[in-house]
Amino acid sequence: MAKTVVYSAEAPEPIGPYSQAIQAGNMLFISGQIPMKAGEIVKGTIEEETTQVMANLAAILKAAGLDFSAVVKTSIFLKNMGDFPKVNEVYGKYFTQNPPARETVEVSRLPKDVNVEISCIALKP
């Protein structure tokens, strides 16, 4: 099975040796997105940071011809599990029907010392 790199200029450039997303067959694997825009970390409330993460995911999904309805699995990484209710509230606005499978874990540190990172897997019809 061939793999294809999916790229969006509207999402942050990778900060290491990885791609924003890889399509393999009808599956799209999107790398963890952090609250970054135009090369700068978005500092604000956890809601603002999560909104930027979701915007980055949306841009990559769009580059693949998809939207959030195609997402089947997400992984959320939080610096502080106390932020879970606020992150969940923002996240839920993007998955109003048939939300994907998900796990949320607290981690000791994230890239660029951000507070939230989200990755996902989507299916192309």
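Keep in mind the model is a prediction, meaning the values are calculated, not measured.

The rules we used
Residues numbered from 1 in each chain as written. Predicted model: local features only at pLDDT ≥ 70, side-chain atom pairs only at ≥ 80, totals over all residues. Heavy atoms only, no water. Axes fitted to C-alpha atoms, helices over the stretch in contact; angles between N-to-C directions. Helix = DSSP H or I, 4+ residues; strand = E, 2+ residues; numbered from the N terminus. Parallel < 35°, antiparallel > 145°, perpendicular 65-115°, else oblique. Left-handed = near helix turned anticlockwise from the far one by under 90°. Contact = heavy atoms within 4.5 Å. Pairing = 2+ DSSP bridges.

**A few points about the packing of helix H1 (residues 46–63) against helix H2 (residues 84–92)**
So, step 1. At their nearest, the axes of H1 and H2 sit 9 Å apart, and the two run at 40 degrees to each other. Taken together, the axis directions place H1 and H2 in an arrangement best described as oblique. The two elements H1 and H2 meet at a crossing, and its hand is right-handed. Taken together, the residues of H2 that come into contact with H1 (itself represented by Ile 46, Glu 47, Thr 50, Thr 51 and Met 54) are Lys 86, Val 87, Val 90 and Tyr 91.

**Structural notes on the sheet that holds strand E3 (residues 27–33)**
So, step 1. Taken in spatial order, the six strands make up an open sheet running E1-E2-E3-E8-E6-E7, and their pairing is mixed. The open sheet has two free edges, formed respectively by strand E1 (3–6) and strand E7 (101–106), since each of these has just one partner strand. Across the sheet, the mean angle separating the axes of adjacent strands is 15 degrees when strand polarity is ignored.
So, step 2. Seen against the sheet, H2 touches strand E6 (71–78), E7 and strand E8 (116–123) and runs at an angle of roughly 150 degrees to E6.

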